[in-house]
Amino acid sequence: MLITLCYLYLWARWGTFSAGLIRRTVRRLHRTRCSFTFSCSGPGCPRQSLHQTHRFPPARKEPPRHSVESICLRAGNKVFFTDETQFLDDLNQWTLLIVSPPIYLGKIFESEHIAFLTEGISSQEGSSLPITCSTKKLVKWSDYCSPLAFKPGEPYILFAEASIDNFSSLGIAFMEDRLQMDNGMVPHKIVSVHLRKSELEELEQLAPSTEEEAKASNVQLGVPTQEPTFETAVSNCAGGDDQEVQEEKCKLKKADEHHEQLEHLSEKESGSGEHHHLHLSSCHECLELENSTIESVKFASAENIPDLPDDYGGNFEDVGYLAGHLKRVNLTGKPPNILIYVGSKSGKVKFEEVKSIIMECIDINAYTVYQLLEEQILSVPWVDNTQLLVIAASEPVSDAVSKQFLVFMSKGGKVLGLSASFTFGGVQIKNKDGLTDTVQALVFSKAEDNEIKLNILTSGKVFKRETAEELGSVKSLGYLDSADKDMMVVQLTYGNSGGQAILCQVHLEVDVKSLSKRSPDDFNFLKMSNATRYEVLSEILKLLGLSCGLSKVPSLTPLYLLSSDMEVHSSFLEWLGRNVNAEGLISSSKVSLKFVPSCNTELEIMPSLVPVVTEVGSFSSEYFSLEVYKQNLQTQNLGKVVLFTEVTSTTMNLLDGLMFRVPQEIGLIAIAVQQSQGKGRGGNIWLSPMGAALSTLLITIPLSSELGRRIPFIQHLVSLAVVESVRSLPGYQDIDLRLKWPNDIYYSDLMKLGGVLINSTLTGTTFHILIGCGFNVSNSNPTICINDLIMEHNKTKNTQLKPLSADCLIARSVTVLEKLINTFQEKGPNGVLPLYYKFWVHSGKQVRLKNDDGPLARIVGIDDSGFLLVQEEGKDVVTVHPDGNSFDMLRNLIIPKQQ
């Protein structure tokens, strides 16, 4: 303690001499297997907060409360302390960044290397670019370590290895507020961890083994720099050692070596790697060396105690020998940053609008989006850790700001301009009367000889080349479909390092909610082009080097057995007890279900084997409310027993093993929040984003019944039930939700927002039917949803209807379907056709028969079997069937031959 107090005194007097304390503490105690932590806490850094606030998410155990003896150094709200051994766990939870893992990971077990975690947090709860405030030059995190893996979230955790000296340097910079994360986050904690050999082998197996695989993870390769030791820095500072410094170095080195020998001897004698206090109070040699050190420093001047150079970046000549043997990630650390600049006048709302559309297009697991504020552009080092800059400022961009944007591109940066005034390279922006805030037809060049058209909102400005000579340096990607063919999207290059910009004068970033301010015609035009708008923006982002596909399919989750009726629930459990095998399994060729009492982390979930938790207790999900479902389900049998999951491959397969076995009085329904392999008609993929209502319902229909003799009608009843579930609500009767034959749910006659898939099997005298249904409820993108229609209705009719939820509408749809089935069984087709015709989109519409050039016929209804009735001019009404080859079942209809 005496020596520590002396060091603290010296640090208080000369500040950066604490670097020596940190280095020597890490060196001496490294082999004792204790962990070192550099932590940031509240003002004064109370010991309690170190335990309560800052945890070690990947560690095997939480750190204990820290005593005064474990704290080596405190500086403002920063503390450096030693702690019990922390072990790294759950390696399969990490995203790996390493190439040639044996080279990297082997270093962790070397005596001179430390594995450690760094926690980073955003500087604000919001999304503005974090700022590190310091009057000194910053130390870049990745210059002092080899990053190995990262775990996204808040805090963002990075796993890396470094030499003892480099780890100490990171800690010193952290304590002095000079440490800069490559990803723009603010470092919050650094803690050393230990990796067992079994976990090392697991990490090596999981690691990408080639440079190509690492590049696929959006990382860049480079050569590490090395930071000198404290002693080397002393000798380099003044260009050489004077005699006093040389003597001081020798004393420090001798003391370090002696302590290491004592610690090693202590470990050997005890037979363990437990931490032992230093022998300073009882070791004569220690006291002699330390006292002489303190005495010599006591009479030194502040000028003779050198600072570590803040801007030391390493000498590539000194580490050149590594280039042939070692490659490491030049860490982005965290997925690369995308910065959005909306100007000084636009605020958080505009940023969130632009961020929302960008996040819809990119791989959300690969990038993080921040707001770049006006005051940060010239003061914060954002240029080197940004992959894409999005400029969405409607106000003019100043010369100083524009110059900084060009500096960014000169270093290979990519820029996307969204209706902004920023331009360069011989391209001017001109106002054009009549275009401001209007919907126009845009032609976008997706690729060579591949143009797509869409309706888009324009800014009122167009691009013009300054001279004819600029023809080759400016590439037009999009123009208005008009006589002038005004350039609206241009691609420009800048510098020799790959800098590039794509500038737009159309509002690709338009927020769906803003469409409520448009006229009904504009709303329809823009919504009909919404999916194409996403396609165009995704193509632009790909041209700028971003990944726009999901890199990871959502993990499957277990099923939960829920019920709206406890009596039915008990009956189902009794049936299960008699029908599952010894392992609680009900087998199926598609998905086998394993019924288990509770959910635990050891449950294996695969597309072909899914656990079903039967004792759900206080079940809760932010995406599904059993209480809301129960309140809206008013059936005798259908939908009483729910198998709910947040993520599944497809709900159509979940009931496959139960459909022929479960008693008919038990109504089963499978409900999911997301599907990774949603199914559509004819083998098509049905996109299943968050916010859609996704379910598969099991029903049985006797063959001899009215509906059993006309089983194709079931698909019409289901789609009608979805529409009626909304339009039968008080106040919602005019929501323009409609039917398209045979099984689609539409907004007016313009856009599809849902569909039905029927799988029926006749066994004996009974049809066993699985009804798969999916429709958009709250997911506005990429097309349209029911809540969009409600929003539009509120605007045009001056109403205040509330948005609806998926759990409510699934329950209401099942309730309406049971009523429609009962009505059909009693009255036949005529019992339901008046309501069906009320909502369908085909009245008076014309179709082509046989082929695209065939005769025109007018649709007049559907027959008793559910097929279309059409009438050619001057001819009788006939039944037509789809030709079986067209994606659109209303194309190339054929008249079947009469038997």
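What counts and what doesn't
- Residues numbered from 1 in each chain as written.
- Predicted model: local features only at pLDDT ≥ 70, side-chain atom pairs only at ≥ 80, totals over all residues.
- Heavy atoms only, no water.
- Pairing = 2+ DSSP bridges.
- Helix = DSSP H or I, 4+ residues; strand = E, 2+ residues; numbered from the N terminus.
- Contact = heavy atoms within 4.5 Å.
- Axes fitted to C-alpha atoms, helices over the stretch in contact; angles between N-to-C directions.
- pLDDT = per-residue confidence, 0-100.
- Phe/Tyr/Trp six-rings, centres within 6.5 Å; stacked < 30°, edge-to-face > 60°.
- Lys NZ or Arg CZ within 6 Å of the ring centre and 35° of its normal.
- Expected span 1.5 Å × (residues − 1).
- Buried < 20%, exposed > 50% of the residue type's maximum accessible area, 1.4 Å probe, protein only.
- Arc of directions from axis to C-beta.
- Salt bridge = Lys/Arg side-chain N within 4 Å of Asp/Glu carboxyl O.
- Parallel < 35°, antiparallel > 145°, perpendicular 65-115°, else oblique.
- Nonpolar A, V, L, I, M, F, W, Y, C, P; charged D, E, K, R; others polar.

### Thoughts on the sheet that holds strand β25 (residues 585–586)
The strand order across the open sheet formed by 11 strands is β25-β26-β27-β24-β28-β29-β30-β34-β33-β32-β31, and the pairing between neighbours is mixed. Where the open sheet ends on each side, the last strands, each with one partner, are β25 and β31 (737–740). Sheet topology places strand β28 (residues 641–648) next to strand β29 (residues 668–675); 7 bridges connect them, and they run parallel. Bridge pairing in β29 places T648 opposite Q675. Against the sheet, helix α19 (residues 806–827) engages β29, β30 (692–702) and β34 (766–776), with an angle of about 25 degrees to β30.

### Here we look at the sheet that holds strand β35 (residues 846–848)
With antiparallel pairing, the 4 strands of this open sheet are ordered in space as β35-β36-β37-β38. Two strands lie at the open edges of the sheet, namely β35 and β38 (877–880), each paired on one side alone. Direction aside, the axes of adjacent strands within the sheet are offset by 50 degrees on average. Two strands pair when backbone bridges link them, and strand β36 (residues 856–862) and strand β37 (residues 868–872) are joined in this way by 5 bridges, in the antiparallel orientation.

### Some words on the confidence of the model for the protein
Looking at the protein as a whole, the pLDDT averages 75, with 69% of positions reaching at least 70. The low-confidence segment residues 43–68, where pLDDT is below 50, has 64 contacts with residues more than four positions distant or belonging to other chains. Confidence drops under a pLDDT of 50 for residues 208–245, and excluding neighbours within four residues, the segment shows 73 contacts in the predicted structure.

### Side note on the packing of aromatic side chains
Throughout the structure, instances matching the rule amount to 21 aromatic pairs. Centre to centre, the rings of F405 and F422 are 5.7 Å apart; their planes meet at 85 degrees, and the pair counts as edge-to-face. Taken together, the residues span a long stretch of sequence, with F405 in helix α12 (residues 399–410) and F422 in the loop between β16 (414–418) and β17 (427–431) at a distance of 17 residues. Three or more aromatic residues joined by ring pairs make a cluster, and in this case those are Y341, W382, F405, F408, F422, F424 and Y494. The ring of F174 has K78 lying over it, and the distance from NZ or CZ to the ring centre is 4.4 Å.

### Topic: helix α11 (residues 348–361)
Helix length check: α11 (14 residues) gives 20 Å between terminal C-alpha atoms against 20 Å at 1.5 Å per residue, within 8%. Of the residues making up α11, those classed as buried are K350, F351, V354, K355, I357, I358 and C361. Burial along α11 is one-sided: seen end-on, the buried residues are contained in an arc of 165 degrees. Buried residues in α11 make contact with β13 (337–341), β14 (368–371), β15 (386–391), β16 and α14 (530–543).

### Considerations on unusual backbone geometry
Looking along the chain, the bond that leaves W741 and enters P742 is cis, with omega of 5 degrees. Here P742 shows up in the loop between β31 and β32 (744–747). Despite not being glycine, S419 shows a phi value in the positive range, around 55 degrees. Mapped onto the secondary structure, S419 falls in the loop between β16 and β17. Here K485, not a glycine, exhibits a phi torsion of approximately 50 degrees, which is positive. K485 sits in the exposed class, given a relative accessible area of 51%.

### Some remarks on the environment of Q715
By the secondary structure assignment, Q715 is in helix α17 (residues 713–727). For Q715 and W741, which are 26 residues apart along the polypeptide, the C-alpha to C-alpha distance reads 9.4 Å. Each residue touching Q715, except ones within four places of it in the same chain, is listed here: P742, N743 and I758.

### Comments concerning the pattern of salt bridges
Tallying each qualifying case throughout the model produces 18 salt bridges. A salt bridge links D165 to R23; the nearest nitrogen and oxygen atoms lie 4.0 Å apart. With D165 in helix α5 (residues 164–175) and R23 in helix α2 (residues 18–29), this residue pair connects regions lying 142 residues apart in the sequence. Like R23, D165 is buried. A salt bridge links E539 to K542; its shortest N-O distance comes to 3.9 Å. In this pair, E539 and K542 are both assigned in helix α14, 3 residues apart and thus about one turn of the helix distant. E539 gets classed as buried once you look at its relative accessible area, which sits at 16%.

### Concerning the side chain of H569
By the secondary structure assignment, H569 is in helix α15 (residues 566–579). Apart from the residues within four sequence positions on either side, H569 is in contact with L561, L562, S563 and T614.

### Here we look at the environment of L544
For L544, the position within the fold is in the loop between α14 and β24 (559–563). Each C-alpha atom of the pair L544 and G499 lies 9.5 Å from the other, and the pair is 45 residues apart in sequence. Discounting chain neighbours no more than four positions away, the residues touching L544 are L388, K414, V415, L416, Q500 and I502.

### Re the packing of α11 against α14
At their nearest, the axes of α11 and α14 sit 9 Å apart, and the two run at 80 degrees to each other. Between α11 and α14, the crossing angle belongs to the class labelled roughly perpendicular. Contacts from I357, E360 and C361 in α11 reach R533, Y534, L537, S538 and L541 in α14. Class assignment of the residues belonging to the contact of α11 with α14 gives a composition of 5 nonpolar, 1 polar and 2 charged.

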